[in-house]
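# An overview of the molecular structure
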Amino acid sequence: RIVTTAMPLETADERRARLKAMREDAANAGGGGGDGGGDAPVIAFRNYVPKDGALVQDKIPAASAPTFETPKVDTETLLAPNTGDVEPSLLKPKKANWDLKRDAEKKLAKLEKRTQRAMVDIAREEEAKRMNAA
């Protein structure tokens, strides 16, 4: 399958020239390009207090947390009874273990059947013992 592109492919020499021009533009813009030439990096001390007096000027002042005002709440409106048309039983949350009861219902039904069957078997055995004793 042949794939065509909208732009014509450039030759290696054209690409090389384009990349060289981009590098020169970046170097002229002050990016440095990581070629080692340029100014030394600026060191800023945020959490360290330098012992050398010449480096103290590079220390960044400690950041402070912003202050917030506590919101004012009208307690009268919060404590006022709900007089809406919604039924209070619909607002009541479900019991905390409603999902546990739902999941255990099937298992409890099986256990109930087994219990009934075991009770019937015990009653039959006792009846058989009474018949044999009599």
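Everything here concerns the structure above.
Below, the structure is looked at part by part.

### Focus on the pattern of salt bridges
Overall, the coordinates contain 3 salt bridges when judged by the stated rule. The shortest N-O distance in the salt bridge between arginine 102 and aspartate 103 comes to 3.2 Å. Note on arginine 102: relative accessible area 47%, which makes it partly exposed. For aspartate 103, a relative accessible area of 46% translates into the label partly exposed. Arginine 130 is the partner of glutamate 127 in a salt bridge, and the nearest nitrogen-oxygen pair spans 3.4 Å. Residue glutamate 127 and its partner arginine 130 are located together in helix α4 (residues 98-133), separated by 3 residues, close to a single helical turn. On the basis of relative accessible area, arginine 130 is assigned to the exposed category, the value being 53%.

### Quick notes on a positive patch on the surface
The grouping of Lys106, Lys107, Lys110, Lys113, Arg114 and Arg117 at the surface amounts to a positive patch. For lysine 107, the location among the structural elements is in helix α4.

### A few points about α4
Here α4 contains 36 residues, and its C-alpha end-to-end distance of 51 Å stays within 8% of the 52 Å for a straight helix at 1.5 Å per residue. A maximum bend of about 40° is found in α4 at glutamate 105.

Calculation notes
- Residues numbered from 1 in each chain as written.
- Predicted model: local features only at pLDDT ≥ 70, side-chain atom pairs only at ≥ 80, totals over all residues.
- Heavy atoms only, no water.
- Salt bridge = Lys/Arg side-chain N within 4 Å of Asp/Glu carboxyl O.
- Buried < 20%, exposed > 50% of the residue type's maximum accessible area, 1.4 Å probe, protein only.
- Helix = DSSP H or I, 4+ residues; strand = E, 2+ residues; numbered from the N terminus.
- Patch = residues over 30% accessible without salt bridge, like charges linked within 9 Å, V, L, I, M, F, W, Y side chains within 5 Å.
- Areas by Shrake-Rupley, 256 points an atom, 1.4 Å probe, with all protein chains shown as cover.
- Lys, Arg positive; Asp, Glu negative; His and termini not counted.
- Charge placed at Lys NZ, Arg CZ, Asp CG, Glu CD.
- Expected span 1.5 Å × (residues − 1).
- Bend = angle between axes of the 7 residues up to and from the residue.

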